[in-house]
Amino acid sequence: MADKLNTVLFDLDGTLIDTAPDMVAALNRMLVRHGKAELPYARVRNTVSRGSLALVKLGFSDKLPETELKDLQNEYLAVYAESLCAASRPFEGMTDILSGLEAAAVRWGVVTNKPGWLTEPLLKQLGLYGRAGCIVSGDTLPVRKPDPAPLLHAAQLVQRKPQECVYVGDDQRDVDAGRAAGMRTLVALYGYIGDGENPRQWGADDMIGDIAQLRRWLQRHVL
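Positions within a chain are numbered from 1, following the residues in the order the chain's sequence is written. It should be noted that, the model being predicted, local features are given only for residues of pLDDT at least 70 and side-chain atom pairs only at 80 or more, the latter also being counted only at that level, while totals for whole chains, interfaces and linings use all residues. To obtain the side-chain values, all non-hydrogen atoms of the structure were used and water was disregarded.

J.: So what about the packing of helix α3 (residues 52-59) against helix α4 (residues 66-82)? Which residues, and what values?
T.: The axes used here are C-alpha line fits, helices contributing only the stretch in contact, and every angle between their N-to-C directions lies in the interval 0 to 180 degrees. Only DSSP runs of H or I reaching four residues or more are called helices, and only runs of E reaching two or more are called strands; each is numbered from the N terminus. Contact geometry of α3 with α4 gives a least axis separation of 9 Å together with a crossing angle of 110°. Between α3 and α4, the interaxial angle falls into the category roughly perpendicular. Contacts from S52, L53, L55, V56 and K57 in α3 reach L69, L72, Q73, Y76 and L77 in α4. Polar here means any residue outside two lists: the nonpolar Ala, Val, Leu, Ile, Met, Phe, Trp, Tyr, Cys and Pro, and the charged Asp, Glu, Lys and Arg; Gly therefore counts as polar. Here the residues of the contact of α3 with α4 are counted per class, giving 7 nonpolar, 2 polar and 1 charged. Convention used here: angles under 35 degrees read as roughly parallel, angles over 145 as roughly antiparallel, angles from 65 to 115 as roughly perpendicular, and any remaining angle as oblique. We call two residues contacting when some pair of their heavy atoms lies within 4.5 Å.

J.: Could you give an account of the pattern of salt bridges, naming the residues involved and the relevant values?
T.: A pairing counts as a salt bridge when a side-chain nitrogen of Lys or Arg comes within 4 Å of a carboxyl oxygen of Asp or Glu. Summed over the entire model, instances satisfying the criterion amount to 8 salt bridges. Notably, a salt bridge pairs K63 with D62, separated by 3.6 Å at the nearest N-O pair. One exposure class covers both K63 and D62, and it is exposed. For D205, the salt bridge goes to R184, with nearest N and O atoms at 3.9 Å. Taken together, the residues span a long stretch of sequence, with D205 in the loop between β7 (184-188) and β8 (206-208) and R184 in strand β7 at a distance of 21 residues. Bridged by salt links that share partners, the residues D11, K145 and D174 form one connected network. Each residue is placed in one exposure class: buried if its accessible area under a 1.4 Å probe, protein chains only, is under 20% of its type's maximum, exposed if it is over 50%, and partly exposed if it falls in between.

J.: Got a sec to walk through the side chain of D170? Specific residues and values, please.
T.: Within the secondary structure, D170 sits in the loop between β6 (165-169) and α8 (172-181). Two residue types count as positive, namely Lys and Arg, and two as negative, namely Asp and Glu; His and chain ends fall outside the count. No salt bridge forms around the buried D170; measuring N to O, its nearest opposite-charge neighbour K145 is 6.9 Å away. We define a polar contact as two N or O atoms separated by no more than 3.5 Å, with the added condition that, inside protein, one atom must be a possible hydrogen donor and the other a possible acceptor, whereas residues neighbouring each other in sequence contribute only through side-chain atom pairs. Of the polar contacts made by the side chain of D170, one reaches the backbone nitrogen of Y192; its length is 2.8 Å. Contact partners of D170, with chain neighbours within four places excluded, come to D11, D13, G14, T15, S49, A188, G191, Y192, I193 and W202.

J.: Report on the sheet that holds strand β1 (residues 7-10), specifying residues and quantitative values.
T.: In spatial order, the strands read β5-β4-β1-β6-β7-β8; together these 6 strands make up an open sheet with parallel pairing. The open sheet has two free edges, formed respectively by β5 (134-136) and β8, since each of these has just one partner strand. With strand direction ignored, the average angle separating the axes of adjacent strands in the sheet is 25°. Two strands pair if DSSP finds at least two bridges between them. Pairing of β7 with β8, which is carried by 3 bridges, proceeds in the parallel orientation. Its bridge partner lying in β8, A188 is registered against I208. Strand contacts of α8: β6 and β7, with the helix running at about 170° to β7, the strand carrying the most contacts.

Any functional reading would require information that these geometric values do not contain.
So this is what it looks like as structure tokens:
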């Protein structure tokens, strides 16, 4: 099966792009607006992959009424959009991996739960939008990960069979979605994995400690 891999799909936040600096900064700006104290970067970083609602719950409370949480989530997204790419960058060494995939005619793409109105401008500002073989955002389909449909849609867009793809992510829902889609799955341990989580229990095909290890894995199984 490994010999047939010809497509690499990436989660966005915490896997392809280090977006935590801007997402944490947005939450802290919002907390200050509401008269609250800023939270330490390290405490917020590992919540980033769980999305904007999780960040709002961390900063304010998970016991607020649903309507109030939704309003705070919308406010957070607006604040974040104001400085979407001030400090966000591909993880160090990732651009070399993407160039290597392209040189070997290996398709790569992005499957994220981040909404398209944030995903696409971010990738454009980083010069990656036109290079990706596919971009599937959280609002591309009616469902998001852990549903496998976004990954299956990505495979269709790049005209590959699911079993020819490997999906790299840093959250259990990434592994769940990838496995349900029939893809190989890798856990990016360098990503935003929360305290108390045990990625070894997620059922992924392999664990990737850093970008250098990801490059070696791809050289063995894809390139």
